[in-house]
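# Examining the three-dimensional arrangement
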Amino acid sequence: MKIKEVEVLDIDGTGIFSILSLLKRNFKVTHYSIKGESRITRFAEKNLSPMNVRFIIDSINNGRLSQSSKYMDAGRSGTLIISYVSGLSKDFSDNDVLRLVQRIAKNFSDEFNIICVGLTFPGFMNKLVEVINRENHVQPPVDKAVHYLPLPLLVGRRVPIGGLLTRDVWHIIRAVIGTRKMVNGLGLLEAEVAAIGLILKRILLEITAIECLLLSRKLELSPKKVLKNGLGKGVELSLLMSHSHPALKIIERIESNLLMGRGILRTLMRMSKMAEMDFVNRLNQLRKGRDRLNILVVGRELKILRGLPSRKFMIHRVPRMTPSELEKKLKIFAEKYDLIVFTSRNKYVSKIIKSSVSEGTVIINLCDYVGEGE
C-alpha cells in the first residue's frame, strides 16, 4: 500500500498529537515548526508517554517523519494540516495565523486540501477561506477544500467536522481522531460553534462534579457514590489552576462579547482560587512541628509551588519517565519526603507511588484536588 504524505504546519506545538495519530496509521508526515526544528521532540517529551516519545524518535530515524523550520515552503504536497489552538501561544494571534496562511497560499496545487485542527473563535475559518481566495484562484473552490475539526483532546468522544469530506480527506481526519465518533455534514462555522458547545458541556460537568464532591464532604457521604449516582462513571477533575487553559480564553471572549456575562469563567476561577488557598493551608498544617516541609513533586512543575518560601518548604521534582525508572527513583527519594504531590492521570504513577512510600507519607493527587470548599 502506498504511504500517503501529509504536511503539518504547527503553530503552537499541538501538532504533536495529530502527528502521532497519523504516524500510527502509516502516513508519512512532514512537520513544519514555527519555532525551530528541535521543537517536535521537546513537545513529545513534555506531552507524550515515554513509549510514544520513542515511537516519534524512531519515525524520525526511519524517514517517516521529517522536520523543517522553513515553514514558508508548506503546502506543496497537496494536503496541509494547520494545528492551531487560539490563545495557546503568546506569539501568534488569529490575525498572525491568517497572514501566514495567506503568504503560503501560493504553494497550493490545483488539487489541495487544508485541515485546521485545534480550537478557533467562531468565524475564524470563514476568514481563512477569504484570505486563501485572495492569493489562490484554483479548482476546487476553496470553501470545498478547507476543513475544520477541533483538537480531539479538548472535546471528548464526539468530534464535529466542518467542510465537505472527500475520500482522501476522510481517511486523514479518521486517522487524526482515532476511535472517536465523527459528526460530519457541518459547515465551518457550525463546526466551530459545535466544538465550543462540547467544551462548555465538559466544563459544566466538571463544575457539577466539584460541587458534588464539596457537598459530599460537608454531609460526610462517600464521594464515589455521589459522583457515580449523580454524573455516571468516568468524570475527571482538573480544576486546580484550570482558569489558565486556552480553551477558557475563547469561552471568556464568547461570554463577554456575545453573552454579556462571565458566569462559567467566574465560577471556575472562584473554585480554582478556593482550591489553591486550601492547598496552601494544608501545606502549612503539615509543616507544623517541622522547620521545613520536604515535598516531592512527580510530574509537571506547578506555579503554585514556586511562590512558597524556600526557608519553609524544600521542593524536589521528578519529571515524567518510564515505570521502571520512576520506581527506581522513588525507592531512593520517597522516604526522605514528608509529602508527595503528583500531577499525572497515569494509573501506573499512582500505583508505584503508593507502593513505594511509607505509611506516614502524605500523598496528594492534584488532578483530583478540589479543596474543602467554602
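Everything quoted here is computed from the prediction, not taken from an experiment.

## Structural notes on the overall build of the chain
- The secondary structure content of the chain amounts to 15 helices and twelve strands.
- In the chain, which comprises 374 residues, the proportion classed as buried is 48%.
- Long-range pairs, those at least 24 residues apart, make up 70% of the contacts in the chain between residues at least 6 apart in sequence.
- When the accessible area of the chain is evaluated, it comes to approximately 19,400 Å², of which 51% is carbon and sulfur surface.

## With respect to the nonpolar core
- If you look at the biggest cluster of nonpolar residues, it comprises 80 residues, and the most contacted ones within it are Leu9, Leu22, Leu119 and Ile132.
- Take this core: its biggest share by element is ten residues, from helix α9 (residues 188-218).
- The next biggest cluster of nonpolar side chains, apart from the first, holds 15 residues, and it includes Leu293, Ile295, Leu308 and Leu366.

## With respect to the pattern of salt bridges
- Tallied over the entire structure, the rule returns four salt bridges.
- For Arg76, the salt bridge goes to Asp73, with nearest N and O atoms at 3.7 Å.
- Judged by relative accessible area, which is 53%, Arg76 ranks as exposed.
- Judged by its relative accessible area of 30%, Asp73 falls in the partly exposed class.

## Description of the sheet that holds strand β9 (residues 293-298)
- Ordered by their spatial adjacency, four strands build an open sheet running β10-β9-β11-β12, and the pairing between neighbours is parallel. At either margin of the open sheet sits one strand with a lone partner, and together these are β10 (313-318) and β12 (362-365). The sheet shows a mean angle of 20° between the axes of neighbouring strands, direction not considered.
- Across four bridges, the pairing between strand β11 (residues 339-342) and β12 is parallel. Bridged to Ile340 within β12 is Ile363.
- Against the sheet, helix α14 (residues 323-333) contacts β9 and β10, and its axis sits at roughly 180° relative to β9.

## As for unusual backbone geometry
- Not every positive phi belongs to a glycine, and Asn26 is a case in point at roughly 70°.
- Mapping Asn26 onto the fold places it in the loop between α1 (15-24) and β2 (28-33).
- Its relative accessible area of 31% is what places Asn26 among the partly exposed residues.

## Re the packing of α1 against helix α8 (residues 167-177)
- In the contact formed by α1 and α8, the axes pass within 7 Å of each other and the chain directions differ by 110°. With respect to α8, the axis of α1 lies roughly perpendicular. Along this stretch, α1 crosses α8, giving a crossing that reads as right-handed. Residues Ser18, Ser21 and Leu22 of α1 lie in contact with α8, whose contacting residues are Ile172, Ala175 and Val176.

## Observations regarding the packing of aromatic side chains
- Summed over all chains, the structure comprises two aromatic pairs.
- Ring geometry for Tyr84 against Phe124: centres 5.7 Å apart, planes inclined by 40°, an arrangement best described as tilted. You can see Tyr84 sitting in strand β4 (residues 79-85) and its partner Phe124 sitting in helix α5 (residues 124-135), a full 40 residues away along the chain.
- Judged by relative accessible area, Tyr84 falls into the buried class, the value being 1%.
- Judged by relative accessible area, Phe124 falls into the buried class, the value being 4%.
- Note on Phe108 and Phe112: the rings are 5.0 Å apart at their centroids and 15° apart in plane angle, and the pair reads as stacked.
- Classification of Phe112 as buried rests on a relative accessible area of 2%.

Rules of the game
Residues numbered from 1 in each chain as written. Predicted model: local features only at pLDDT ≥ 70, side-chain atom pairs only at ≥ 80, totals over all residues. Heavy atoms only, no water. Helix = DSSP H or I, 4+ residues; strand = E, 2+ residues; numbered from the N terminus. Buried < 20%, exposed > 50% of the residue type's maximum accessible area, 1.4 Å probe, protein only. Contact = heavy atoms within 4.5 Å. Areas by Shrake-Rupley, 256 points an atom, 1.4 Å probe, with all protein chains shown as cover. Core = buried A, V, L, I, M, F, W, Y, C linked by side-chain atoms within 4.5 Å. Salt bridge = Lys/Arg side-chain N within 4 Å of Asp/Glu carboxyl O. Pairing = 2+ DSSP bridges. Axes fitted to C-alpha atoms, helices over the stretch in contact; angles between N-to-C directions. Parallel < 35°, antiparallel > 145°, perpendicular 65-115°, else oblique. Left-handed = near helix turned anticlockwise from the far one by under 90°. Phe/Tyr/Trp six-rings, centres within 6.5 Å; stacked < 30°, edge-to-face > 60°.

Nothing here speaks to function; it is geometry throughout.
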